[in-house]
Amino acid sequence: MDRNKAVKCLVDDAVFMEDEGLFLSDLHPSIVNLIKHDYPKAKINSFICSHHLLKYRMARVDSMINADLKQSQKINRKLTKALQNDDYEITDVNVALSKTLTFGQRVSDAVARFGGSWSFIFIFVGVLLGWMIINGLSLFGLHFDPYPFILLNLALSCIAAIQAPIIMMSQNRSADRDRLDAENDFHVNLKSEHELRILHAKLDHLTQNQLPHDLEIEKLQLQILGEVRTELTNLRNENAKLRLALKNKK
């Protein structure tokens with residue numbers, strides 16, 4: 001294609017060579033829309049010089065940066081609001097249970113704690129053996145529960161009957177603790193899920209919008225730098241011609 005053909009710029013109708021600008025068909029649709037917004041009569045085969053094109057490329061860069069900034073600020077506001085609007089505080093289960101602990105519940109916890117230890121087993125076995133040896137061998141002249149140790153069986157039954165509901169009371173305390181723990185876990189998971197959704201939205205914005213915009217901005221920057229370099233080269237050439245003309249006049 002001949003790039004030395006003279007064409008008119010759609011902005012000021014100045015005459016340029018084709019290599020000093022671009023046709024609208026060669027530009028990104030977003031830049032074309034900006035140009036058509038200012039010049040509705042512009043057609044797809046219209047020509048715009050590099051000098052005026054620079055303005056629209058800069059406007060496109062600014063619009064993409066501002067759009068990404070607004071979207072990031074919107075997502076950050078949502079995340080901040082989600083963190084600030086936390087209407088549930090994590091409950092310290094130990095503190096909550098200790099504040100509501102009654103004397104009976106303290107006793108039941110102590111009995112259950114002691115009844116489930118090796119100390120209780122050793123003491124209980126020692127008492128049983130002592131009871132049976134004393135009554136079986138009539139040591140110290142004691143023979144208050146002869147074989148088959150009916151009084152011992154009665155005492156064991158009474159202890160088991162009393163110990164069982166006390167241990168169940170302590171287990172109810174454990175159930176309350178589990179309920180509070182489950183409630184804490186539910187609210188923590190709910191809050192985490194809400195925050196993760198916002199973070200995913202931010203990541204989606206970065207991958208789907210901002211990163212492609214960054215690549216387009218870099219491309220536009222390279223084109224802008226190329227045009228600036230071309231204009232600087234033209235200025236140097238014109239400056240050299242002027243110097244040569246002045247030198248010839250002297």
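Small disclaimer: the values here were computed from a predicted structure and weren't measured.

A word on the overall build of the protein chain. Looking only at helices and strands, one finds six helices and four strands in the protein chain. Ordered by position from the N terminus, the helices and strands of the protein chain form the series β-β-β-α-β-α-α-α-α-α. Here the protein chain has a C-alpha radius of gyration of 45 Å; the compact-globule value for 250 residues is 18 Å, and the former is much larger. Over its C-alpha atoms, taken along the principal directions, the protein chain stretches across nearly 150 × 40 × 35 Å.

Over its 20 residues, helix α5 (residues 118-137) runs 28 Å from end to end, which matches the ideal 28 Å to within 8%, given 1.5 Å per residue. For α5, the set of buried residues is F120, L128, W131 and N135. Down the axis, α5 shows its buried residues gathered within 65° of arc, on one side only. Opposite its buried face, α5 presents the exposed residues W118, F122 and L137, each directed more than 90 degrees away. Of the residues flanking the end of α5, it is S138, one or two places downstream, whose phi is positive at about 55°.

Another point: unusual backbone geometry. Comment: phi is negative for the bulk of residues other than glycine, and the bulk of peptide bonds are trans. Note that the residue after Y147, namely P148, is joined by a cis bond; omega there is 15°. Within the element layout of this structure, P148 appears in the loop between α5 and α6 (150-249). Not every positive phi belongs to a glycine, and D13 is a case in point at roughly 60°. According to the relative accessible area criterion, D13 is exposed, its value standing at 53%. For F149, which is not glycine, the phi dihedral falls at a positive 55°. By secondary structure assignment, the location of F149 is in the loop between α5 and α6. Judged by its relative accessible area of 11%, F149 is buried.

With that settled, consider the packing of aromatic side chains. Summed over all chains, the structure comprises six aromatic pairs. Look at W131 and F144: their rings are 5.1 Å apart centre to centre, the planes differ by 85°, and that puts the pair in the edge-to-face class. With W131 in helix α5 and F144 in the loop between α5 and α6, this pair connects stretches of sequence that are 13 residues apart. On the basis of relative accessibility, which here comes to 46%, the residue F144 falls in the partly exposed class. Ring geometry for Y147 versus F149: centroids 5.7 Å apart, planes at 85°, classification edge-to-face. Taking relative accessible area as the criterion, Y147 reaches 69% and is therefore assigned exposed. An aromatic cluster of three or more residues is present, and its members are F114, F120 and F124.

Glancing now at the pattern of salt bridges. Overall, the coordinates contain one salt bridge when judged by the stated rule. Here E193 ties to R197 by a salt bridge, and the two come within 2.9 Å at their closest N and O atoms. A residue pair is termed a helical-turn pair when its members lie 3 or 4 positions apart in one helix, as E193 and R197 do in helix α6 at four residues. For E193, a relative accessible area of 37% puts it in the partly exposed group.

So, about a negative patch on the surface. A cluster of acidic residues, D176, D178, D181 and D185, forms a negative patch at the surface. Here D181 lies in helix α6. Overall, the relative accessible area of 31% leaves D181 in the partly exposed class.

Conventions used here
- Residues numbered from 1 in each chain as written.
- Predicted model: local features only at pLDDT ≥ 70, side-chain atom pairs only at ≥ 80, totals over all residues.
- Heavy atoms only, no water.
- Helix = DSSP H or I, 4+ residues; strand = E, 2+ residues; numbered from the N terminus.
- Rg over C-alpha atoms; globule rule 2.2 N^0.38 Å.
- Expected span 1.5 Å × (residues − 1).
- Buried < 20%, exposed > 50% of the residue type's maximum accessible area, 1.4 Å probe, protein only.
- Arc of directions from axis to C-beta.
- Phe/Tyr/Trp six-rings, centres within 6.5 Å; stacked < 30°, edge-to-face > 60°.
- Salt bridge = Lys/Arg side-chain N within 4 Å of Asp/Glu carboxyl O.
- Patch = residues over 30% accessible without salt bridge, like charges linked within 9 Å, V, L, I, M, F, W, Y side chains within 5 Å.
- Areas by Shrake-Rupley, 256 points an atom, 1.4 Å probe, with all protein chains shown as cover.
- Lys, Arg positive; Asp, Glu negative; His and termini not counted.
- Charge placed at Lys NZ, Arg CZ, Asp CG, Glu CD.

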